[in-house]
Amino acid sequence: MKKITNRVVTRHIMTILMTGAVTFASSTVFAKDAPEAADANLVTDAKILDDQNSTGDVLTYGMGLGGQRYSPMTMINKETVKDLVPAWAFSYGDEKQRGQEAQPIVHNGKIFVTASYSRLFAIDARTGEELWQYEHRLPDGIMPCCDVVNRGAAVYDNLVIFGTLDAQLIAIDQDTGKRVWREKVGDYKAGYSMTAAPNIVKGMVITGVAGGEFGIVGKVEARDAKTGKLIWSRPTIEGHMGTLNGEDNGITGEEANKTWPGDMWKTGGGATWLGGTYDAESDLIYYGTGNGSPWNAHTRPGDNLYTASTLAIDPDTGKIVWHYQTTPHDGWDYDGVNELIPFDYEKDGQVIKAGGKADRNGFFYVLNRENGKLLNAFKTVTKVGWADHVDLETGRPVETGLRPGNPADAPEGETKGASVFAAPSFLGAKNWMPMAYNPDTKLFYVPLNEWAMDLWNEPITYKKGAAYLGAGFTVKLLYEDYIGALRAIDPVTGEWKWEYKNQAPLWGGVMTTAGGLVFTGTPEGYLKAFDANTGEELWKFQTGSGVVGCPVTWEMDGEQYVAVPSGWGGAVPLWGGEVAKRIRTLNQGGMLWVFKLHKSDAAPATTAMK
Ligand code: CA
Ligand code: CA
């Protein structure tokens, strides 16, 4: 770890002076009043709840607990975006590159951004100068399925909190970079890891776990954000017991074997690897769950609750209030982890309290966010093989029968079941990369991919710390001219208003603004801005490596800034198949880029030198 610079301390004191609450008449007064003045910079629940509206900071993953990734700012807009230029760039350094999937946090003139290999940087938001860096010491034998990524940190009080690849939760002092508390969330030797950004709800830090490819059991947990003390734990597989304040808090579901055969629920998956959203109106945490384990679904007949589902959880008790399963009895690795984004719409004069979810399985779901009832479902990609449609009455998919064959039915002398050609591929119509919702255009902007796979099943038995798939696959291409597609989708009609096609798979987050813009990155290295109404590409900047992180925007010193991490990686290069040829020239990296509008009336440099 590096030492905090003196300049930061100076600015901290300057802030105290400017509040006018402090006099230097006696050192006693300073010592007594300084903490009170410093309190103005502490992150509170009220500030977190107001994050989407407050333009001077970005305090939450999702640019608001609902995750709409919408900014009310308009300085950068359809007319001015052409003048967007770099303000500074920051290198994460050393040989640890790989995927940079994080969303930066901006608070109190500092940017907190996580990087590959469980690193966290604090950077001066004005200059790009490093304030400190925290490099988590990772043990040998960590088992991240899909690259050594991290998607971001949470801030609360004077802390910045993030999860690590060895499934620990780390809280660090925002000013000093020193660790304040640390909690073990899961056993990395059993395949648990953490890559998602935590959320802060009611003073609690809310987290999930990754590891669905290793037969872990998913869970959502709440800890006191200031101390790390566990408040509740909610397993996401039916049959497991949750806790509240150290006491049993009931099993998930009514009985272990209601939707699971035998002991399969004990290693059932349902990883909560992407984090969640929160809606203060309904006071519910929404968390998605991953595939059933193993992938070979012939081993676990039944719906396998609560895999491939969205769960609504009571933040005060950790109880599941409702659930909606997008892929019952998942057999394609269609993790249902995607974010549910709260939004309202009007129908027959009524305001509908809805949530939108673009699933890995190729469907977009509109749910009543108060009770989980399905309101609408439609396709987000051109080819969805496994289901014809979703029945709006029953809420269940109408399957086509396109499931990989049972290995038990394989011809004598063979172990593999019959292979199927299925779209989307297991990498999903939409994978982890977050979409955005713009309340002005009333459209969701969804980063998608069009691809398929050959998929087959094999016999498998659980072994701690080993991959638990019972399946093999090859990712296949569908179209010559594109894989990635950013689509503007009307959640009420299901209509695709516009689309932007990209040669390589889209793997980065999306942001939209009141300036009428949509931002997202490409693996080819560009951060791009589109007209939110028409999809016209208005601006792009080459960052030097693939952009698979999440852009953010904020206001500082009267100017609007945009930041995005750059660094190609993530699951795609690891599971390539036929996709490999589309991405083989892409280079890794590790940078944070920050942009603002060029000022044409700025004084010439020569004048400033005098
Ligand atoms: Ca804010
Ligand atoms: Ca999975």
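Details of the structure are given in the entry above.
Reading the values: the criteria
- Residues numbered from 1 in each chain as written.
- Chains lettered and ligands numbered in written order.
- Predicted model: local features only at pLDDT ≥ 70, side-chain atom pairs only at ≥ 80, totals over all residues.
- Heavy atoms only, no water.
- Pairing = 2+ DSSP bridges.
- Helix = DSSP H or I, 4+ residues; strand = E, 2+ residues; numbered from the N terminus.
- Axes fitted to C-alpha atoms, helices over the stretch in contact; angles between N-to-C directions.
- Donors = N, O, S within 2.8 Å, 3.2 Å for Na, K, Ca; no water.
- Tetrahedral: all angles 85-135°; square planar, octahedral: opposite > 155°, others 65-115°.
- Buried < 20%, exposed > 50% of the residue type's maximum accessible area, 1.4 Å probe, protein only.
- Core = buried A, V, L, I, M, F, W, Y, C linked by side-chain atoms within 4.5 Å.
- Contact = heavy atoms within 4.5 Å.
- Salt bridge = Lys/Arg side-chain N within 4 Å of Asp/Glu carboxyl O.
- 1 Å grid on protein atoms, 1.4 Å probe; cavity = no way out; pocket = protein on both sides within 12 Å on 5 of 7 lines; lining within 4 Å.
- Points joined across faces, edges and corners; volume = space filled by probe spheres on them.
- Nonpolar A, V, L, I, M, F, W, Y, C, P; charged D, E, K, R; others polar.

Draft legend 1. How the structure looks around the sheet that holds strand E39 (residues 559-566). Spatially, E2-E40-E39-E38 is the arrangement adopted by the four strands of the open sheet, whose pairing is antiparallel. Two strands close off the open sheet at either side, each with one partner strand: strand E2 (84-91) and strand E38 (552-556). Strand-to-strand twist of the sheet, defined as the mean angle between neighbouring strand axes without regard to direction, takes the value 25 degrees. In this structure, E2 lies alongside strand E40 (residues 591-597), joined through seven bridges in antiparallel fashion. Along E40, the bridge assignment pairs Ser-91 with Met-591.

Draft legend 2. Highlighting the coordination of the calcium ion (ligand 1). Distances from the calcium ion (ligand 1) to its protein donors, Asp-51 (O), Asp-51 (OD), Ser-54 (O), Ser-54 (OG), Asp-57 (O) and Asp-57 (OD), fall at 2.3 to 2.5 Å. Around the calcium ion (ligand 1), the six donor atoms sit at angles spanning 70 to 167 degrees, and that spread fits a shape best called irregular. For the calcium ion (ligand 1), the donor residues sit on a single chain with the sequence spacing D-x2-S-x2-D.

Draft legend 3. Highlighting the coordination of the calcium ion (ligand 2). Protein-derived ligands of the calcium ion (ligand 2) are Glu-213 (OE), Asn-291 (OD1), Asp-333 (OD), Asp-335 (OD) and Asp-335 (OD), with the metal-ligand distances lying across 2.3 to 2.8 Å. Sequence positions of the donors to the calcium ion (ligand 2) reduce to the motif E-x77-N-x41-D-x1-D. One end of the pair, Glu-213, is in the loop between strand E12 (204-207) and strand E13 (219-224); the other, Asn-291, is in the loop between strand E18 (284-288) and strand E19 (309-313), with 78 residues separating them in the sequence. Residue class for Glu-213 comes out buried when judged on its relative accessible area of 11%. Of the residues examined, Asn-291 reaches a relative accessible area of 0% and is grouped as buried.

Draft legend 4. Inspection of unusual backbone geometry at higher detail. Each neighbour pair has its own omega, and for Leu-305 with Tyr-306 the value is -5 degrees, a cis peptide bond. Along the chain, Tyr-306 falls in the loop between E18 and E19. For the bond from Ala-423 to Pro-424, the omega torsion is -5 degrees, close enough to zero to count as cis. Locating Pro-424 in the fold gives a position in the loop between strand E27 (420-422) and strand E28 (436-438).

Draft legend 5. Layout of the nonpolar core. Counting residues in hydrophobic clusters, the biggest one holds 121 residues, and the most contacted among them are Leu-120, Trp-132, Ile-161, Ile-206 and Trp-507. Among the elements that line this core, the one with the most residues is strand E23 (residues 363-368), at five residues. Setting aside residues no more than four positions away along its own chain, Leu-120 makes contact with Phe-112, Val-113, Thr-114, Trp-132, Gln-133, Tyr-134, Ala-153, Val-160, Phe-162 and Ile-172. Within the second largest apolar cluster, 36 residues are counted, among which are Val-58, Ala-529, Val-564 and Leu-597.

Draft legend 6. Structural view of the pattern of salt bridges. One pass over the full model with this rule turns up 34 salt bridges. Salt bridges here are not isolated pairs; linked through shared partners, they connect Asp-279, Glu-281, Asp-344, Lys-353 and Arg-369.

Draft legend 7. Seen up close, the layout of surface pockets. Its volume calculated, the largest pocket comes out at about 460 Å³. In terms of lining, the largest pocket is formed by 20 residues, of which the most central are Gln-52, Gly-66, Gln-68, Asp-279 and Pro-342. Breaking the lining of the largest pocket down by element, the ones donating at least two residues are helix H3 (45-49), strand E17 (276-279) and strand E21 (341-347). No other element matches the three residues that E21 contributes to the lining of the largest pocket. For the lining of the largest pocket, a count of residues per class yields nine nonpolar, five polar and six charged.

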